[in-house]
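Structure assessment
Spelled out, the chains give:
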Amino acid sequence: MRTYDTLLSSGWRAVRNYIVFKTWPLSAFFSWWWERPGRRLGIEGINLPGSREVKQKVSKPVLCTGGFQTASVIAGAIERGDCDGVTIARPLVANPDLVRLFEQGHDAPPRPCTYCNQCLFNFIENPLGCYEQARFDSREEMVRQILSIYEPAGAAAAAEAGELA
């Protein structure tokens, strides 16, 4: 709700969403509709069909966005020629070490992004990070990961060794 308070001046869709999310029974209906049983959006790779069509019509490299966070899905999309590369945003916010996990041979992160968009809603007033508490063992662990951007791994050791100015 705080995010929509900030975004209300952005246009009629923000106002519409604010009213839907803030007003019961509209909010209850939307929650039911969004989380209804049998709903299978399949976020990861959702734009691959459109990417494939674009790639067939242009001679430039095509990047596809769509919640990618599984190495085999990414590799399959590129190998099939659906796209030339993928973009990764929210899954990297949720798992900043995602690329390292792929390098180590993991197909997917142990705690994948849930696509809840809490990172998006919080970044206006808070540090960018994953705010989905269900992904963490405790709130403190969540806060520690969010604040870790202020002291990247190895920065303290490098500072002690005099490598950082």
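Placed above this text is the structure.
In short, a report on the structure. (Residues numbered from 1 in each chain as written. Predicted model: local features only at pLDDT ≥ 70, side-chain atom pairs only at ≥ 80, totals over all residues. Heavy atoms only, no water.)

**Some words on the environment of P91**
Within the secondary structure layout, P91 lies in helix α6 (residues 90-94). The exposure class of P91 is buried, given its relative accessible area of 2%. Along the sequence, P91 and Y115 sit 24 residues apart, while their C-alpha atoms lie 8.0 Å from each other. Among residues more than four places away in sequence, those in contact with P91 are G67, F68, Q69, L98, C113 and Y115. (Helix = DSSP H or I, 4+ residues; strand = E, 2+ residues; numbered from the N terminus. Buried < 20%, exposed > 50% of the residue type's maximum accessible area, 1.4 Å probe, protein only. Contact = heavy atoms within 4.5 Å.)

**What to know about the packing of aromatic side chains**
Under the criterion given, the structure shown has one aromatic pair. An angle of 35° between the planes, with centres 5.8 Å apart, marks the rings of F29 and W32 as tilted. Placement of the pair is F29 and W32 together in helix α3 (residues 26-34), with a separation of three residues, close to one helical turn. Taking relative accessible area as the criterion, F29 reaches 51% and is therefore assigned exposed. Sitting over the face of the ring of F136, R135 holds its NZ or CZ atom 5.3 Å from the ring centroid. (Phe/Tyr/Trp six-rings, centres within 6.5 Å; stacked < 30°, edge-to-face > 60°. Lys NZ or Arg CZ within 6 Å of the ring centre and 35° of its normal.)

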